[in-house]
Amino acid sequence: MKLRRLLIVDGYTDEPAGLGVPPYLDVYSREVYGAMKLADKYSTVYYLTIDQVRSNRSLFVELSGKVDLTLVVAGALVPGRYLGGEPLRDVEELRLLKLWSNSPIALGGPITTYGIGGIGGKRTEIIDEDFIIIRGDLAPWFYQAAKYGIDRISSLDPRESYYLRSKALIRGTEIVLQHPNMNIGNLTLEIETYRGCARWVSGGCSFCIDPQYGKPLVRPIYDIVKEVENAYKLGVRNFRLGRQSDILVYGSPELGVNEWPKPNIRLLTQLFNGIRNVAPSLITLHIDNVNPRTIYEWPDLSRRALKTIVEYHTPGDVAALGIESVDPKVVKLNNLKVDIDQAIFAIEVINEIGRKRGWNGLPHLLPGINFIAGLPGESKETWEFNKELLRRIERKGLLVRRVNLRKLSIIEGTKVSYMIKKPRIAKGYESFRKYVLKWQEEMLRKVVPIGTKLVNVVIEKVERGVSYGRQPGSYPITVEIPQELEKYSWISVEVKRHHSRSVLAEIVW
Ligand code: SF4
């Protein structure tokens, strides 16, 4: 039977390269929508977020009765708390969806391969219940299901499948019209420029799923730009080139051959230039992951690549550096990327190019630092090494937009899942955590000093006399305004005080 009508429930995804918690919309729902439409333009695809289902169960029951299949997309594998939505992380909630649904339920996204959970300090849990489990790329599965029928699905080779997926993403932008954040104006599309990690040649970092995608596959510039153009024409104004392990090496001919490929400035410039040409009045164009080792190995080319990004992006951008730990023992055991000197060098170079303040009140491009606690080899000395990194940053007067300290979540199938049963957090973690919080507060004072004006702050939550807002973009700073404002209004504020991850501000009329 051909699949004609589908309901997608977006349980949100969060992976090392890719965010799908509102206001972000990740690739999964978009590729499914596009694949269905490419196969059969008369097919019908409904879209609900898991938060919409929670607040309006009868709508879910009704829509699930109108379709042949309900697809639940989920897999928030990176531990985190979110202002814009609460990911589906509990098997119990999946069981409830099955109970309420009037059509069979399929599961797709990272949840099917890596399990459910994504809670720091724990292992993910593989789903072994009675659902239709779709592993791997969703686009070829749904394309074939709509074109030939669910019983006639065959596997495609990865390259052919990537070609189809890339086209499906272009067609699938139409799904944004059903997304609740579209009317608010802060919907942010996570754009994929390539998949996989250059470090697959050495097996990659022990905890990461990215090397498991195999040899990196690069999306052609034409497809990326066309996708942005389609979304822009439909009204999307915020984009993040966040679905790749290192934006600096997009299009490098050495990607997939060398562990530390050299940046390809010509293609990177064409990519950013192409996006700005088709989306001239965009509000946000940000990046996500940058491999600090690329900057160390290729300093001059990296400077040029970073200059290109700063020329075409919007300010407030963050280059998230997966440093994880600078304890030499942890670095070695987990095949991490940089030692302390290499990390400092990368942070210095990003500051040199990106710290100038832009029109929305924020520095153009600053580094973000990710630490992971609980990796094999960790000891109480680990915190001293990591503290030393932070002290050196301070001494050198460098800026860092944010530090993310997470407990390791062991994802099934990664190297670390074979190395240890559960994460052991070394003694001294609590005091390091407190040190980081204090350090961050001091740093935030420098990144957005008192009196800084921030524009385009979107109010996302109003609770007990306080309004919470953020600018659209990569790792936005939470702004607290001590008055009840209209939810989803766009305002400008002036910074008055600092916490470790947020600022207290007053509205500027
Ligand atoms: S560099 Fe490490 S953490 Fe980053 S994508 Fe590659 S394997 Fe994952």
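Looking at an unreviewed UniProt entry, the protein chain carries the name Radical SAM protein, with the source organism given as Ignicoccus islandicus DSM 13165.

(A) Quick look at the environment of Gly 115. Relative to the elements of secondary structure, Gly 115 occurs in the loop between α5 (110–114) and β7 (132–133). Given the relative accessible area of 1%, Gly 115 is considered buried. Taking C-alpha positions, Gly 115 is 19 Å from Gly 196, a pair spaced 81 residues apart along the chain.

(B) Structural context of the domain arrangement of the protein chain. Here the protein chain is described as being made up of domain 1 (5–164), domain 2 (187–447) and domain 3 (453–508). Placing the centre of domain 2 and that of domain 3 at their C-alpha centroids yields a distance of 25 Å. Taken together, the contact between domain 2 and domain 3 spans 26 residues of the former and 18 residues of the latter. Inspection of the region where domain 2 meets domain 3 yields zero salt bridges. For the pair domain 2 and domain 3, the interface holds nine residue pairs in polar contact (both at pLDDT 80 or more). Broken down by secondary-structure element, the contributors of at least two residues to the side of domain 2 that touches domain 3 are β11 (238–243), β12 (284–287), β14 (317–324), β16 (402–407) and α17 (429–447). If one sorts the elements of the side of domain 2 that touches domain 3 by residue count, α17 sits on top with five residues. Class assignment for the residues of the side of domain 2 that touches domain 3 results in 10 nonpolar, nine polar and seven charged.

(C) Layout of the pairing of strand β15 (residues 365–373). Most of β15 is tucked away, with nine of its nine residues classed as buried. With burial as the criterion, each face of β15 is covered, one bearing Leu 365, Pro 367, Ile 369, Phe 371 and Ala 373 and the other bearing Leu 366, Gly 368, Asn 370 and Ile 372. Both β15 and β16 contribute to a ladder of six bridges, which runs parallel. Paired with Asn 370 across the two strands is Asn 404, which belongs to β16. For the crossover from β15 across helix α15 (residues 380–395) to β16, the handedness is right-handed.

Procedures and definitions
Residues numbered from 1 in each chain as written. Predicted model: local features only at pLDDT ≥ 70, side-chain atom pairs only at ≥ 80, totals over all residues. Heavy atoms only, no water. Helix = DSSP H or I, 4+ residues; strand = E, 2+ residues; numbered from the N terminus. Buried < 20%, exposed > 50% of the residue type's maximum accessible area, 1.4 Å probe, protein only. Domains from an automatic or database assignment. Contact = heavy atoms within 4.5 Å. Salt bridge = Lys/Arg side-chain N within 4 Å of Asp/Glu carboxyl O. Polar contact = N/O pair within 3.5 Å; in protein donor to acceptor, adjacent residues only side chain to side chain. Nonpolar A, V, L, I, M, F, W, Y, C, P; charged D, E, K, R; others polar. Pairing = 2+ DSSP bridges. Right-handed = clockwise from strand over helix to strand, strands pointing away.

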